[in-house]
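As a plain string of letters, each chain reads:
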Amino acid sequence: MIRLLNNLSKNDVSTLKSTMNLFNPLIYTKNAYSSSNNATLNNSNVISEAISNNSEIEKVQNYNNKNQFKTLDNAFAVVHVSGKQYKVIKGDVIMTDKLHVAAGEHIVLDKVLLLGSKDSTAIGTPILDGVKVHAFLEEQTKAEHVTIFKHKRRKNYKRTTGFTPLATYLRIGDIINSNENQNNIGL
Amino acid sequence: MNIDKIFKLAKGFYGRSKNCKSLARERVEKGLEYNYVSRRLKKRDFRALWIQRINAGSRQHDLTYNNMVRGLTASDVQINRKILSELAVSEPYSFKALTILAKDALSKLNGTSYKPLSPQ
């Protein structure tokens, strides 16, 4: 991984090759570019306003303490989930592909490509070692329905089908950094 | 399709195309054909937009789009264009860090003649 302080000149670049983890898939997402439907849900009173329950805080803290991680305040991360990338901060809700996890579960996203804060950014080559993102599954629903209509003019050919993809909504929790990594990344 | 569904899809259409059965059916079917094609075009359009934004952002830091992408792939960074354009818009310091990384990688590539844009 590579750590660069903001406002730094070219001469101050220091590069550290990270130990390449095999891409170990945990949770994966699909982002649609259409922003209009990202906020709507079938049961729209379910989305919380980034208020985490006590149980969620406990789960996060248990994970952090067991594996010696430290939470980062005021940081954003670029996360790679199911073939798509998202720029997330704490409290975000993102719509992804269907994940085979029950609703309400606690998830840790492993593939973090970039980590940025006010003072510095850490760029992973290609992923950052030891940086993870907590997430909670909000809901497993259907995404926007699509009508597939095929038509050839003057040939009496017309076909109509429909398709509703499945989606999950993930509420992003803390962004964490392992204690060993602190010196390397400096965040 | 059911005529009620056709009228529901024909909301906002011009003139009698939202009120009369045969006209509405024609216009709605054309709209759905455009929709089918545009779902494929949307992917191309967004990629072109992201590339324009990355180009503009990198030129502020004395790099062209092609050199930036060369540098990033040479240094094994796999951030995609969607996120790079978002960073160029909303996280300028992180984007600058990426340009520094790209320039560093370019200078180490064999056989490159990377010339900075502005005279130094």
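Predicted model, so just to flag it, every value in this text is computed and none were measured.

Asker: Explain the side chain of Arg 39 of chain B to me, using residue names and the numbers behind them.
Answerer: Considering the arrangement of structural elements, one finds Arg 39 of chain B in helix 2 (residues 21-59). In this structure Arg 39 of chain B is buried but unpaired, with Glu 144 of chain A as the nearest side chain of opposite charge at 8.8 Å. If near-sequence neighbours (up to four positions away) are discounted, Arg 39 of chain B is found in contact with Val 146, Thr 147 and Ile 148 of chain A.

Asker: Tell me about the interface of chain B and chain A, and name the residues and values.
Answerer: Of the residues lining the interface, 30 residues belong to chain B; the matching set on chain A comes to 31 residues. Carbon and sulfur atoms supply 64% of the area that chain B and chain A bury against each other, a total of about 2,900 Å² over both sides. Counting across the interface, chain B meets chain A through two salt bridges. Applying the counting rule to chain B against chain A returns seven residue pairs in polar contact (both at pLDDT 80 or more). Listing elements by their share of the side of chain B that touches chain A, those giving two or more residues are helix 2, helix 4 (81-90) and helix 5 (92-108) of chain B. Top contributing element to the side of chain B that touches chain A by residue count: helix 2 of chain B, with nine residues.

Asker: Describe in detail the packing of helix 2 of chain B against helix 4 of chain B, supporting the description with residues and values.
Answerer: Residues and elements named next belong to chain B. In the contact formed by helix 2 and helix 4, the axes pass within 8 Å of each other and the chain directions differ by 45°. When the interaxial angle is binned, helix 2 and helix 4 end up oblique. Regarding helix 2 and helix 4, the two cross each other, and that crossing is left-handed. Contact residues: helix 2 offers Arg 47, Trp 50, Ile 51, Arg 53 and Ile 54, while helix 4 offers Arg 81, Lys 82, Leu 84, Ser 85, Ala 88 and Val 89. When the residues that make up the contact of helix 2 with helix 4 are grouped by side-chain class, the tally is six nonpolar, one polar and four charged.

Asker: For helix 3 (residues 65-74) of chain B, give the residues involved together with the corresponding values.
Answerer: Within helix 3 of chain B, burial applies to Tyr 65, Asn 67, Met 68, Val 69, Gly 71 and Leu 72 of chain B. Asp 76 of chain B sits one or two residues past helix 3 of chain B and shows a positive phi near 65°.

Asker: Can you break down the pattern of salt bridges residue by residue, with the values?
Answerer: All names here are of chain A. Counting across every chain of the model gives seven salt bridges over all chains. Between Arg 171 and Glu 138 there is a salt bridge; the shortest N-O distance is 2.5 Å. Here the residue Arg 171 occupies a position in strand 13 (residues 166-178), and Glu 138 occupies one in strand 10 (residues 131-142), the gap between them amounting to 33 residues. According to the relative accessible area criterion, Arg 171 is buried, its value standing at 9%.

Asker: For the nonpolar core, give the residues involved together with the corresponding values.
Answerer: Leu 114 and Ile 123 of chain A together with Met 68, Leu 72, Ile 79, Leu 87 and Leu 98 of chain B are the most contacted members of the largest nonpolar core, which totals 23 residues. Put simply, the parts of the chain that give this core at least two residues each are strand 4 (76-81) and strand 8 (112-116) of chain A together with helix 3, helix 4 and helix 5 of chain B. The leading source of residues in this core is helix 5 of chain B, at six residues. Apart from residues lying up to four places away in sequence, Ile 79 of chain B is in contact with Gln 85, Leu 113 and Leu 114 of chain A together with Leu 84 and Leu 98 of chain B.

What counts and how
- Residues numbered from 1 in each chain as written.
- Chains lettered and ligands numbered in written order.
- Predicted model: local features only at pLDDT ≥ 70, side-chain atom pairs only at ≥ 80, totals over all residues.
- Heavy atoms only, no water.
- Helix = DSSP H or I, 4+ residues; strand = E, 2+ residues; numbered from the N terminus.
- Buried < 20%, exposed > 50% of the residue type's maximum accessible area, 1.4 Å probe, protein only.
- Lys, Arg positive; Asp, Glu negative; His and termini not counted.
- Salt bridge = Lys/Arg side-chain N within 4 Å of Asp/Glu carboxyl O.
- Contact = heavy atoms within 4.5 Å.
- Buried area = accessible area lost by both parts, 1.4 Å probe.
- Polar contact = N/O pair within 3.5 Å; in protein donor to acceptor, adjacent residues only side chain to side chain.
- Axes fitted to C-alpha atoms, helices over the stretch in contact; angles between N-to-C directions.
- Parallel < 35°, antiparallel > 145°, perpendicular 65-115°, else oblique.
- Left-handed = near helix turned anticlockwise from the far one by under 90°.
- Nonpolar A, V, L, I, M, F, W, Y, C, P; charged D, E, K, R; others polar.
- Core = buried A, V, L, I, M, F, W, Y, C linked by side-chain atoms within 4.5 Å.

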